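# Descriptive analysis of the structure
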Amino acid sequence: MQESLVVRRETHIAAPPAAVFALLTDPEKILRWMGTEAEIEPQPEGLYLVNVTGARFARGSFREVVPVHRLAYSFGWEGSEVVPPGSSLVEIDLIEQPDGTLLRLTHTGLPSAEQCAGHAEGWAHYLDRLAESAAGRDPGPDPWLGRTGSD
């Protein structure tokens, strides 16, 4: 795996790991910070399906679920030949800290530097919204609603 084709993000969240985990795995809570509809089955081989922008579905399946500490799921875009459903891997570790949670995200398996850059931008956008929501604030309407992206 080329290191240049790995998206890494770290975000400090002012909430305990259990609260962050719930925002990542509960379909209703996900919609507070990302997406217009979600079907999530947080168990090995369970479905990960989120209409991220109202115009684009991310689909994959859970590979690893360690409550309040770790998630790993395959990821891709419905209708995409470049990043098809399940073609990449998202790993999220939640590390408890005295003042909240360190969220460490690694996204591997993307096919090009261009795709890594686009997904890095997307993760930065949505992890900022997640941090707002976890801290008890309303991140407001998603300015990316309706966006179809470039796959």
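Report on the accompanying structure. Since this is a predicted model, take the numbers as computed values, not measurements.

Counting through the fold element by element, Leu105 comes out in strand S7 (residues 100-108). Assessed through its relative accessible area of 0%, Leu105 is described here as buried. Put simply, Leu105 and Glu10 are 95 residues apart on the chain and 6.3 Å apart in space, counted from C-alpha to C-alpha. Those residues within four positions of Leu105 in sequence are excluded, and the remaining contacts are Val7, Arg8, Arg9, Val90, Glu91, Ile92, Trp123 and Leu127.

Its place among the elements puts Ser88 in strand S6 (residues 88-97). In this structure Ser88 comes out as buried when scored by relative accessible area, which is 4%. Once the C-alpha coordinates of Ser88 and Gly60 are considered, the two residues, 28 residues apart in sequence, prove to be 8.7 Å apart. Those residues in contact with Ser88, other than ones at most four positions away along the chain, are Tyr73, Ser74, Phe75, Val83, His107, Thr108, Gly109 and Leu110. There is a polar contact of 2.8 Å between the side chain of Ser88 and the side chain of His107.

Another point: the layout of surface pockets. Estimated volume of the largest pocket: approximately 400 Å³. Contributing to the lining of the largest pocket are 19 residues, with Arg56, Trp77, Gly118, His119 and Gly122 lying nearest its centre. Here the residues of the lining of the largest pocket sort into 8 nonpolar, 7 polar and 4 charged.

Even without glycine at this site, Glu45 takes up a positive phi of about 70 degrees. Structurally, Glu45 is set in the loop between strand S2 (37-40) and strand S3 (47-51). Under the relative-accessibility criterion, Glu45 is labelled exposed at 62%. Phi is positive for Val68, close to 65 degrees, though the residue is something other than glycine. Turning to its location among the elements, Val68 is positioned in the loop between strand S4 (57-66) and strand S5 (70-75).

Conventions used here
Residues numbered from 1 in each chain as written. Predicted model: local features only at pLDDT ≥ 70, side-chain atom pairs only at ≥ 80, totals over all residues. Heavy atoms only, no water. Helix = DSSP H or I, 4+ residues; strand = E, 2+ residues; numbered from the N terminus. Buried < 20%, exposed > 50% of the residue type's maximum accessible area, 1.4 Å probe, protein only. Contact = heavy atoms within 4.5 Å. Polar contact = N/O pair within 3.5 Å; in protein donor to acceptor, adjacent residues only side chain to side chain. 1 Å grid on protein atoms, 1.4 Å probe; cavity = no way out; pocket = protein on both sides within 12 Å on 5 of 7 lines; lining within 4 Å. Points joined across faces, edges and corners; volume = space filled by probe spheres on them. Nonpolar A, V, L, I, M, F, W, Y, C, P; charged D, E, K, R; others polar.

Scope: geometric values only; no functional claims are made or implied.
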